[in-house]
Amino acid sequence: MTVQIQHSNNGAVTNAAGQFQLENASAADTLIATYVGYEVKKIPVGNQTTLEMSLSPSASQLDQIVVIGYGTAKKKDLTGAITRIDMSDKMNNANVNLLQSLAGAAAGLNVDQGGGAAGNPGFSIRGQTSLSGSVQPLIVLDGAIFYGNIDDINPNDVESVDVLKGASAAAVYGRRSANGVLIINTKKGRAGKSVFSLSAYAGFQGMTNNPVREMNGDEFALRLLDWTWERDVYNWYATHPTSEAGRPARPDATDRETVASFLRTPEEKKNYLAGKGTDWVDEVLRQAPMQNYDISLTGGSKDGITYYLSGSFSNIKGIQKNDQFKRSTVHSSLSDKINDWLEIGLDATYSHRDNSGIPASLSAARVASPLQLNNPLGSPDYQIYLGGELYQVYPLVYTYADNSDIRTNLFSVGTININIPWVKGLKYTLRYSRLHQTENNNTFYSDKTINGVDNNGEAVKNPIESNNWILDNIVNYSNSFGDHEINATLLFSREKGTGSSSTLSATDFGIENLGYNDMELGQFPVVASTAYEENSLSYMARGNYSYRSKYLLTGTVRKDGYSGFSPNHKWATFPSVGAGWVLTEEPFLKDKGFYLKLRLSYGINGNQGIGRYASFSQMNTYDYVYGSQTAIGIYPTTLGNKELTWEKTSSTDLGIDFNFLHNRIAGSVDLYTGKTKDVLVERQIPRASGYTSVWSNLGQISNKGIDLEINSVNVKGAFNWTTKFTFSLNRNKIQRLYGDGGDKDIGNSWFVGEPIKSIYDYKILGVWQEQDLFNKNIYEGWYPGQFKYADINNDGKIEPVNDREIIGYASPSYRFSLANMLSYKNFTLSIFINSIQGGKKYYLANNFAMVNPAYDFSFRMNTPAINPYWRPDRPTTNTTGIYNTPPVESGIYQSRSFVRLQDISLSYSLPSELIHKINIQSAQVYVSSKNPYVWTKWQGWDPETGTSDTPLMRNIIFGLRLSF
C-alpha cells in the first residue's frame, strides 16, 4: 500500500505487514492511502501520531491500471480480454520461478508445473492454435519484448502480471501474439523515505504423494519364476486345450532354493538367499534442502528521482541426487523526472544460473534389478551396467560425469518520455531494450561412465551466445473533449537478433585429469559451429474512444515484416477492433448497486515461430574419402518453400464484466472462438525426393472456449475472508489438413474433425482369460493373459490398419482453481487449490511403464508393484501376464485428472509497537508448503508431470521478512 501526503511527493510504501512510517506530516495534512484492487482512502492527520487504517477491497477493480501494450488503461475502459495478477499475495510461497506463481492464477493462463530443481513449467494461453509452429506466448518485460528465459526473473521483483488473452488485446504485438501475451511488470521506486527489506526462507523438498513402488528382491525373484512358468503355459496354450487339465504346474514359490534357481546371475542368487537387496529408487532420491535470500532498497526524492534496487540468491536441490539449481540476480529500476515534460528511466536485470550436474536416473532405477548391490564407481567391484547387462544401467552412473552448465542473462530497458509542452496530451516515448545471453554447457565423461567407457573418455563443450535489441518509437495522444475521451498510439519498431554456437568434442584421452578444460589431450577432436541473424520491422496504430465512459471503441492495425520468410511473403497486416457497452451507465440501470459491462472484440494475430531459415533450402557438410584424402562435401538437407507465409489466427471474444452487492462479488466471463489459417506444418514427403519433410502452409484449425473468474469478499472487518475462483475450458479441432483429399496424418495423430492431441491406438476391452481359449472365443494367435482389443471390422484379427481408432485426447477438458485468504489481526492464512480435469476421454497419457509388465526384457527389467500381473491361477482384468508376446501392442491410457492443494501458508506479523523500539519498520514470520497433497487416480509419480521421470516435488519452508 502507498501512503502519501495529499498534494505532495512525500510518501511511503507499507511493508509486508501493512506498516509504514511517514515524517514531516503536519496536523493540517491529509493522507491518501492507495493499493491495487482496493478503494482509495483519505485520512486527516490532525493530532494523531499513530494511525490505523483499513482499505475496503474493490472486487471489481474498475479503476485498476493495467498494461495493454505500449501503454496503459483503466480496467473499466478495456474492450479486450485482459486479466491482471497481483503478486503480493504470493510472496510467501516457495516459488523458484515466476511461472510457478502463476499456476491457476488466471482463467485461460494454462501453467503445467515441471519437475526437477529448476521446476521449469510449461505454459500456454487459451490452448493450442498451431500444428508445428511455436505455441509459446509472447513475453513482455517492463514494456519491452523479452526473448530470454523466464527462469532468469526473480519472482520477488515482480509486482504484477497482465495476461492479454483475446486477439483484440494482443493485436498490438501482431506477429507473435497468436498464442497470447504475458506482460510482466517489475517493482518500481516511489517517492518517500528509503526502505530496506530483507527476506529469507529455508526448507526441504520431497516426492509428492503417489502410489509408485518398485518390486523388492523377493517379488523380483518370484516374478522370474512366474516368467518361466508362464512361458511353459503359453507353449501349452498353443496345443489348443479345452480345459485346464494338463496345464503345467507352478513351481514351489515357498522354497527359496527353488525360487533362486530361476535367477539369472550368481550375484542375484547369492543376494536373494542372503536376504540382501537394493531399493534403487531410494538410492537415487533424497530429501533436498532449499534456501532463498532477497534484499531490496526502494525510495525516492521529492525532486522526481525514484529507485528500486534488489539482489537475490537461490540454492535449490532436487530430490534426484546431483540435481541442483542456483540463481543469483541483480535488478534495478531508476527513474528521474527532470522537469514537467522530460522523464528518463532505466530498468536492468542480470541473472546467473548454475544448472551444473547430471541427475541420477530415476528411469534406470525403476528397471534396475533389486538383487544387484550398490557398489559406487571407483570401488573394486563397481559396475557401469549392473550384472554386465546393457539394459541394466547403473542408476547413479551419470552423477560421476563432470558437468558445468552456466547461463547468464543481461536485459536492460532504457526509456525517454517527452510530454510535448505545447500540445496537451501528446507524449513521445523512445524505448531501447537489449538482451545478451550466454550459455556454457561443458561435460567430461571419464572411462568410468557410459559415454566414456568405450572410447577412453569423452569431452564436450557447447558455448552459445545471443544478442537481441529492439528500438521502439511510440507517440501517444490522450485528451478529453466534454463527454468524449480519445487515446491514440503510433509505433515504429526495429528489431535485430544475432547468435552463434559451437560444439567441440574429443575422445580417447590418455590423461583425464583436466577433462574438458584441456580438449587437445583427446586424440579425435570434432568441431562444429553455427550462427544466425534475423531482423524485424513493425508499424502499429491504435485508437481508443470513450463516450461518457459508457460506449467504448478500440481499433488497432499492425504491420510486421520478418526476414525469416521468402521475399514475396515477408510482410503481414494484423487488424483488430473491440467495443464495450457499460450497461449500468444507462439511466434504467444506473445507481442500482451493481456494475455490468458487455465487451465484443475481433482481431487477427500472427505466428512466425518456425525457425529463422525454414523458408530457405539449407545445406550441411559430410566427410567422405577422396583418393587417399578425407574431403569435406556440402549437400542439401532441407527443401525450401518460397511460398511459405505467415500463420494467421482470427478470433472473436464476447465478454461480460460484472460487480454485485457493492463490490462484494465481481468477476468476468468470456466466450471466445478462433480460426487459424495457413497453418505452419512440417509436412512429410517421399524420401525419393531426397528430403524427408518441407515446411508448408496447410490446413485450418478452430479453437473455442470459456474463461470465468469470480472474486468475492465473504467477510470484512476485524476478520477478513476473500475468495477467488477461476474456470477455463478449451476445445480445438482440425478443420482441414492437407487439402489433397488427405483427412488424416496417422504419424502425427492428426485427424480432420478431431482435436490436435488425439490418441490413435487400439481400444482395450479387457484381458483374455483361459475360459476364452477353452471355449474357442479367442482370436487366432492370441492367448490368455494378453490384452483383448476391439475388433473394429469384425474380421477376427487385430491389425494396425483396420482396428485402431481415436480413443481419447491428451489435452485437458477443463481447469479450475480456488484461492481463499483469511486474516485476523496479525495472522494471515492462505489456501490455494488447483485442478486439471479430463472427464472421460481427455487428459489421458500412456502409463504403460508404470502399470504393466514390459513386453520386452520383462524377465530382466524390474517392474513397479502398483498392480499385480496376470497369472493363470490369479487372473486380472487390467494387466497382462509377466510372459507376454502379443501380435500387436497398445498403450495403457490413464486419466491424469487431479485436484491439488498447491499452496498453503500461514504468516504472523510482529506488533509494530514491539519492533519499532528496535528501529524495525516491519517483521513477519511464516511457514508455507507447495504441493503438499494431490488427489488423483493416476498411477505414476505425479499426474501433472505425467510419464516424466523428473517428478514434481512438494516442499515446506520457514521464512522471515524484515523492513527497516
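What counts as what
- Residue indices begin from 1 for each chain and proceed along its sequence in written order.
- Given that this is a predicted model, residues contribute local features only at a pLDDT of at least 70 and side-chain atom pairs are listed and counted only at 80 or more, while totals for whole chains, interfaces and linings are drawn from all residues.
- With hydrogens and water excluded, all non-hydrogen atoms of the structure serve as input to the side-chain values.
- UniProt positions are given in the numbering used here, feature names are shortened, and annotations may be inferred rather than shown by experiment.
- Labels follow the DSSP assignment, with helices taken as runs of H or I lasting at least four residues and strands as runs of E lasting at least two, numbered in each case from the N terminus.
- Values of the radius of gyration come from C-alpha atoms, whereas the globule rule sets the reference at 2.2 Å times the count of residues to the power 0.38.
- Whether a residue is buried, partly exposed or exposed follows from its accessible area with a 1.4 Å probe, protein chains only, as a fraction of its type maximum: under 20%, in between, or over 50%, in that order.
- Contacts are assigned to residue pairs with any non-hydrogen atoms lying within 4.5 Å of each other.
- Strands are labelled as partners when DSSP assigns at least two bridges between them.
- Note on patches: the residues involved have over 30% relative accessible area and no salt bridge, like charges join within 9 Å, and the nonpolar side chains Val, Leu, Ile, Met, Phe, Trp and Tyr join within 5 Å.
- Note on areas: these come from Shrake-Rupley sampling with a 1.4 Å probe, and a residue is covered only by the protein chains present in the view.
- A pairing counts as a salt bridge when a side-chain nitrogen of Lys or Arg comes within 4 Å of a carboxyl oxygen of Asp or Glu.
- What a helix should span is 1.5 Å times the count of its residues minus one.
- Any N or O atom pair separated by 3.5 Å or less is treated as a polar contact, with the protein-specific requirement of one donor-capable and one acceptor-capable atom, and with residues adjacent in sequence counted only for side-chain atom pairs.
- With a 1 Å grid spanning the protein atoms alone, the term cavity applies to any set of points in which a 1.4 Å probe fits but cannot get out, the term pocket to an open set with protein on both sides within 12 Å along at least five of seven lines, and the term lining residue to any residue with an atom within 4 Å of a point.
- Grid points are joined across faces, edges and corners, and a volume is the space filled by probe spheres set on the points.
- Just so you know the grouping, Ala, Val, Leu, Ile, Met, Phe, Trp, Tyr, Cys and Pro go in nonpolar, Asp, Glu, Lys and Arg go in charged, and all remaining residues, Gly too, go in polar.
- Pairing of aromatic side chains requires ring centres within 6.5 Å, counting the rings of Phe and Tyr and the six-membered ring of Trp. Pairs whose planes differ by under 30 degrees are stacked, by over 60 edge-to-face, and all others tilted.

- As annotated in an unreviewed UniProt entry, the chain is TonB-dependent receptor from Compostibacter hankyongensis.
- Listed in UniProt under the heading Sequence similarities (unreviewed entry), the comment for the chain reads: "Belongs to the TonB-dependent receptor family."
- Recorded in UniProt for the chain, the comment headed Subcellular location (unreviewed entry) runs: "Cell outer membrane".

**Concerning the overall build of the chain**
Here's step 1: Looking only at helices and strands, the chain features 12 helices and 47 strands.
Here's step 2: A compact globule built from 964 residues would reach a C-alpha radius of gyration of about 30 Å, and the chain, at 32 Å, matches this within 12%.
Here's step 3: The dimensions of the chain, computed from C-alpha atoms along their principal axes, are 100 × 70 × 70 Å.
Here's step 4: A buried classification covers 52% of the 964 residues belonging to the chain.
Here's step 5: For the chain, long-range pairs separated by at least 24 residues make up 69% of all intrachain contacts whose partners lie at least 6 apart in sequence.

**Some details on the sheet that holds strand β10 (residues 138-141)**
Here's step 1: One open sheet accounts for five strands, arranged β7-β12-β13-β10-β11; its pairing is mixed. Whereas interior strands pair on both sides, the edge strands pair on one side only; in this sheet they are β7 (82-86) and β11 (144-145).
Here's step 2: In this sheet, strand β13 (residues 181-186) lies alongside strand β12 (residues 158-164) in antiparallel orientation, the contact comprising six bridges. Within β13, the residue paired with L164 across the bridge is V181.

**As for a nonpolar patch on the surface**
Here's step 1: A contiguous nonpolar surface patch, about 610 Å² in accessible area, is contributed by F196, L198, I295, L297, L309, L334, L346 and F964.
Here's step 2: At the level of secondary structure, the elements contributing two or more residues to the nonpolar patch comprise β14 (192-207) and β15 (288-300).
Here's step 3: Mapping F196 onto the fold places it in strand β14.
Here's step 4: A relative accessible area of 34% means that F196 is categorised as partly exposed.

**Some points on the UniProt feature "domain: TonB-dependent receptor plug" (unreviewed entry) in the chain**
Here's step 1: According to UniProt, the feature "domain: TonB-dependent receptor plug" (unreviewed entry) maps to residues 74-181 in the numbering used here.
Here's step 2: Note that residues 74-181 is 8% helix and 26% strand, and that its end C-alpha atoms are spaced 18 Å apart.

**With respect to helix α3 (residues 217-237)**
Here's step 1: Compared with the 30 Å implied by 1.5 Å per residue over 21 residues, the 30 Å span of α3 between its first and last C-alpha is a close match.
Here's step 2: Where burial is concerned, most of α3 is hidden: 15 out of the 21 residues are buried.
Here's step 3: You can read the cap of α3 off the contacts: a side-chain oxygen lies 3.2 Å from the backbone nitrogen of D218, and it is on N216.

**A few points about empty space enclosed by the protein**
Left-over empty space is what a probe sized like a water molecule reveals as it rolls over the atoms.
Here's step 1: Per the stated rule, a full pass over the model turns up eight cavities of 30 Å³ or more.
Here's step 2: Each pocket or cavity is described by its volume, and for the largest cavity that value is around 180 Å³.
Here's step 3: Around the largest cavity, the lining is made up of 19 residues, and of these R126, T129, K165, A178 and S651 lie nearest the centre.
Here's step 4: Of all the secondary-structure elements, those providing two or more residues to the lining of the largest cavity are α2 (167-170), β29 (647-660) and β30 (665-677).

**Examining the layout of surface pockets**
Here's step 1: Put simply, the second largest pocket is a space of about 820 Å³.
Here's step 2: Taken together, 39 residues make up the lining of the second largest pocket; nearest its centre are Y147, G148, R176, E534 and R612.
Here's step 3: For the lining of the second largest pocket, the secondary structure elements donating two or more residues are β9 (122-125), β10, β20 (426-445), β21 (458-481), β22 (484-509) and β23 (522-547).
Here's step 4: For the lining of the second largest pocket, the per-class residue count stands at 13 nonpolar, 19 polar and seven charged.

**Examining the pairing of strand β42 (residues 827-837)**
Here's step 1: Across 11 bridges, the pairing between strand β41 (residues 814-824) and β42 is antiparallel. Across the sheet, A819 pairs through a bridge with F832, a residue of β42.
Here's step 2: Once β41 ends, the chain turns through two residues before running back antiparallel as β42, passing K825 with a positive phi of about 55 degrees.
Here's step 3: Pairing analysis gives 10 bridges linking β42 to strand β45 (residues 898-909), with the strands arranged antiparallel. For S835, the partnering residue across the bridge sits in β45 and is V899.

**Focus: the pairing of strand β34 (residues 719-736)**
Here's step 1: Across 15 bridges, the pairing between strand β33 (residues 700-715) and β34 is antiparallel. Bridged to V715 within β34 is W721.
Here's step 2: Where β34 and β41 come together, 11 bridges link them in antiparallel fashion. Directly across from T722, in β41, lies its bridge partner M821.

**Notes on the packing of aromatic side chains**
Here's step 1: Taken as a whole, this structure holds 32 aromatic pairs when the rule is applied.
Here's step 2: A centroid spacing of 6.4 Å and a plane angle of 65 degrees characterise the contact between Y562 and W646, whose relative ring orientation is edge-to-face. Residue Y562 is found in strand β24 (residues 551-562), and its partner W646 is found in the loop between β28 (629-638) and β29; the two are separated by 84 residues along the sequence. The residues Y562 and W646 share a single accessibility class, namely buried.
Here's step 3: When the ring of Y809 is compared with that of Y842, the centres are 4.8 Å apart and the planes differ by 35 degrees; the resulting orientation is tilted.

**Some details on the environment of L297**
Here's step 1: Within the secondary structure, L297 is located in strand β15.
Here's step 2: Residue class for L297 comes out partly exposed when judged on its relative accessible area of 30%.
Here's step 3: C-alpha of L297 to C-alpha of S332: the two residues are 35 residues apart in sequence and 9.5 Å apart in space.
Here's step 4: Ignoring anything within four residues of it in the chain, the contact list for L297 reads S194, V195, F196, Y307, Y308 and L309.

**A short note on the side chain of N179**
Here's step 1: Following the sequence through the fold, N179 ends up in the loop between α2 and β13.
Here's step 2: With a relative accessible area of 4%, N179 lands in the buried category.
Here's step 3: In this structure the side chain of N179 is engaged in a polar contact, spanning 3.0 Å, whose partner is the side chain of T129.
Here's step 4: The contact partners of N179, leaving out residues within four places of it in the chain, are I125, T129, S134, V135, Q136, P137 and N607.

**Let's talk about the environment of K165**
Here's step 1: Structurally, the position occupied by K165 is in the loop between β12 and α2.
Here's step 2: Measuring from C-alpha to C-alpha, the distance between K165 and N451 comes to 46 Å, with 286 residues separating the pair along the chain.
Here's step 3: When residues no more than four places from it in sequence are discounted, the contact partners of K165 are A81, T83, A107, G108, I125, R126, D707 and E709.
Here's step 4: Side-chain polar atoms of K165 contact the side chain of T83, separated by 3.1 Å.

**Section: unusual backbone geometry**
Here's step 1: With phi around 55 degrees, R548 is a residue other than glycine that occupies positive phi space.
Here's step 2: When you line up the elements, R548 lands in the loop between β23 and β24.
Here's step 3: By relative accessible area, which is 47% here, R548 ends up partly exposed.
Here's step 4: Backbone geometry places N919, a non-glycine residue, at a positive phi of 60 degrees.
Here's step 5: Here N919 is to be found in the loop between α12 (912-915) and β46 (922-936).

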